[in-house]
Amino acid sequence: MKPRSALGIAAFLLTGIFAAAWPAQAQLNLMVQCPEDTDGVDADGDGNPANDIVCKHITAGDGFATMADGTVLYTFGFSEVPETVPPDQVFAQRQVVAEVPGPTIVLREGQELYLNLTNVGMINRPDLFDTHSVHWHGIPNSGSIFDGLPESAPTVRIGATFPYYYSTQGKEGTYFYHCHVEVVEHMQMGMIAHIYVLPRQDQNTALKNSGDPPFVGFAYNDGDGSTGYHVSKALQLAGFDSRFHQQHIAIQNLPFAELDDDYHFINGRGYPDSINPNPLGASPENNYHLSQPMDSRIQANQGERILLRIHNISTTHLFTVRALGLPMRIVGLDAKLLRNASRDLFYETSSLTIGGGQAADVIIDTSDVSPGTYFFYTTNLDDLINGPEERGGMMTEIVICPASG
């Protein structure tokens, strides 16, 4: 646990009071919405008319994440509530379990999402009464009430639950979501996550069989299989300014004007933690909850296509990334297929520069690639660090196995 100021100690002592008082009061407001799919319409085209409504229940609160050099940083974040947790146990079981990134949400085009957000409060900062929200970056909303911007939409106070509703018809692509309340602070603290929509074309068996081997899916409704892939991975580029996080838990002034990340990572982990297939981050500070569940290692067989769903959600940096020795084809940007009428605007590149708030879909064709281990990394060499530790940061591995597997 980090040292605390006098104000911090006083606030810490209040924790027990709030921890005892919140659950009973909050349970009164915990109403999760999840309607049944009874319209008989097969909106996602998978042959089942009763599975087009997806319900999720996530919490927003605080926690701690463990960096690749072992440093434990205070964070904010989202966490999914397991179906086995009864409503009267949500607050008891889902406080101080923030994850970086938050729960990944994958939808099929045509499905409707009811995303219920419960604010469980910041147990380690009981002096804060921040509200939270979900902003699905880039998607046309069904109504401004679901946009998550505090200026135009409701935000969720401590103890309350709000149901966000989204329709995905015609909205396939790669997105992300984040809290939009005090947006720089809450995103820097870790309230960020993946979300993407699989195209309806994934139900086209004939088009899948046009791949050799048959495609697993497509990035978009391209009509010709040009965005087909066999392996996919979502890669979230971001970073933490350790001083900002340390000031936060010490209840000191936050250095907004001096924000400068010194921990850079993919899916919440710096290299080599990025290639560890196991969930990480079960520190005592985080109640032994796994704060960083998602690796970023990629493995494919020679001849297969890899789809990388990349987005940059850093509050301080733009990044240039490359996969040294592997051909990258950009087929989509910001959840849009790169096509003008019938003319493809795909382009081959050896590097991709991506700014904060942008997303890109990259296809790597391994047909002419020799088996081996390749590195996907930022060419911003000063971002290849884990705080004071050199040779880490924003990097992962792409392993190409022989065609036989």
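Look a little higher up for the structure.
Residues numbered from 1 in each chain as written. Predicted model: local features only at pLDDT ≥ 70, side-chain atom pairs only at ≥ 80, totals over all residues. Heavy atoms only, no water.

Enquirer: Please set out the side chain of His-230 residue by residue, giving values where relevant.
Expert: Note that His-230 resides in the loop between β10 (228-229) and β11 (231-240). Within polar-contact distance, the side chain of His-230 engages the backbone oxygen of Pro-213 at 2.7 Å. A distance of 2.9 Å separates the side chain of His-230 from the backbone nitrogen of Arg-305, its partner in a polar contact. Ignoring sequence-local partners within four residues, the contact set of His-230 consists of Asp-212, Pro-213, Pro-214, Phe-215, Val-216, Gly-303, Glu-304 and Arg-305. (Helix = DSSP H or I, 4+ residues; strand = E, 2+ residues; numbered from the N terminus. Polar contact = N/O pair within 3.5 Å; in protein donor to acceptor, adjacent residues only side chain to side chain. Contact = heavy atoms within 4.5 Å.)

Enquirer: Give me the packing of aromatic side chains: which residues, what numbers.
Expert: Summed over the entire model, instances satisfying the criterion amount to 14 aromatic pairs. Where Phe-146 meets Phe-162, the ring centres are 6.5 Å apart and the plane angle is 50 degrees; that geometry is what we call tilted. With a gap of 16 residues between them, Phe-146 in the loop between β5 (135-137) and β6 (161-167) and Phe-162 in strand β6 connect regions that are remote in the sequence. A single burial state applies to Phe-146 and to Phe-162, both of which are buried. Taken together, the aromatic side chains of Tyr-114, Trp-136, Phe-146, Phe-162, Tyr-164, Tyr-165, Tyr-166 and Tyr-175 make up a single cluster linked through ring pairs. (Phe/Tyr/Trp six-rings, centres within 6.5 Å; stacked < 30°, edge-to-face > 60°. Buried < 20%, exposed > 50% of the residue type's maximum accessible area, 1.4 Å probe, protein only.)

Enquirer: Describe the sheet that holds β5, and please don't skip the residues or the numbers.
Expert: A sheet is described by the order of its strands in space; here four strands give the open sequence β3-β8-β7-β5, paired in mixed fashion. Here the strands that pair on one side only, and so sit at the sheet edges, are β3 (102-108) and β5. The sheet shows a mean angle of 25 degrees between the axes of neighbouring strands, taken without regard to direction. In terms of strand pairing, β3 meets strand β8 (residues 192-198) through five bridges, oriented parallel. What sits directly across from Arg-108, in β8, is Leu-198. (Pairing = 2+ DSSP bridges. Axes fitted to C-alpha atoms, helices over the stretch in contact; angles between N-to-C directions.)

Enquirer: So, the state of the cysteines: which residues are in play, and what are the values?
Expert: In total, this model carries one disulfide according to the counting rule given. Covalent S-S linkage joins Cys-34 and Cys-55, the inter-sulfur distance amounting to 2.1 Å. Across the disulfide from Cys-34 to Cys-55, rotation about the S-S bond amounts to roughly 95 degrees, and the bridge is consequently right-handed. With Cys-34 in the loop between α1 (6-27) and β1 (53-66) and Cys-55 in strand β1, this residue pair connects regions lying 21 residues apart in the sequence. (Disulfide = S-S within 2.5 Å.)

Enquirer: Could you give me a rundown of the sheet that holds strand β26 (residues 395-401), with the residues and numbers involved?
Expert: The strand order β13-β26-β23-β15-β21 describes an open sheet built from five strands, whose pairing is mixed. Each edge of the open sheet is held by one strand with a lone partner, namely β13 (298-301) and β21 (352-354). Averaged over all pairs of adjacent strands, the angle between their axes in this sheet comes to 20 degrees, without regard to strand direction. Inspection of the sheet shows strand β15 (residues 319-323) paired to strand β23 (residues 372-378) by three bridges, in the antiparallel sense. Across the sheet, the residue bridging to Ala-323 is Phe-376, located in β23.

Enquirer: Explain the environment of Tyr-177 residue by residue, including any values.
Expert: Looking at the secondary structure, you find Tyr-177 in strand β7 (residues 173-178). Relative accessible area serves as the criterion here: at 1%, Tyr-177 is assigned to the buried category. Sequence spacing of Tyr-177 and Pro-101 is 76 residues, and the spatial spacing of their C-alpha atoms is 10.0 Å. Within polar-contact distance, the side chain of Tyr-177 engages the backbone oxygen of Pro-103 at 2.6 Å.

Enquirer: Got a sec to walk through helix α5 (residues 242-249)? Specific residues and values, please.
Expert: Buried within α5 are the following residues: Ser-242, Phe-244, His-245, His-248 and Ile-249. Seen end-on, α5 carries its buried residues on one side only, within an arc spanning 160 degrees. Contacts from the buried residues of α5 go to β1, β2 (72-80), α3 (183-188), β11 and β12 (263-266). For α5, the side-chain oxygen to backbone nitrogen distance between the N-cap and Arg-243 is 3.0 Å, and the N-cap itself is Asp-241. Taken from the residues just after α5, Ile-251 is the one with a positive phi, measuring 55 degrees. (Arc of directions from axis to C-beta.)

Enquirer: Which residues make up the pairing of β7, and what values do they have?
Expert: Look at any regular strand and the pattern is simple: side chains alternate between the two faces of the sheet. Of all the six residues making up β7, six are buried; the element is thus mostly covered by neighbouring parts of the structure. Examined bridge by bridge, β5 and β7 share three bridges and lie antiparallel to one another. Within β7, the position partnered with His-137 by the bridge is Phe-176. Note that β7 and β8 share six bridges and pair antiparallel. Bridge pairing in β8 places Tyr-175 opposite Ile-195.

Enquirer: Now, about the pattern of salt bridges: what can you tell me, with residues and values included?
Expert: Between side chains of opposite charge, pairing is possible as soon as their charged atoms come close. The full count for this structure, using the stated rule, is 11 salt bridges. In this structure, the salt-bridge partner of Lys-56 is Glu-80, at a minimum N-O distance of 3.6 Å. With Lys-56 in strand β1 and Glu-80 in strand β2, this pair connects stretches of sequence that are 24 residues apart. The shortest N-O distance in the salt bridge between Arg-391 and Glu-390 comes to 3.7 Å. Across the pair, exposure class does not vary: Arg-391 and Glu-390 are exposed alike. Through salt bridges that share partners, Asp-44, Asp-46 and Arg-108 make up one connected network. (Salt bridge = Lys/Arg side-chain N within 4 Å of Asp/Glu carboxyl O.)

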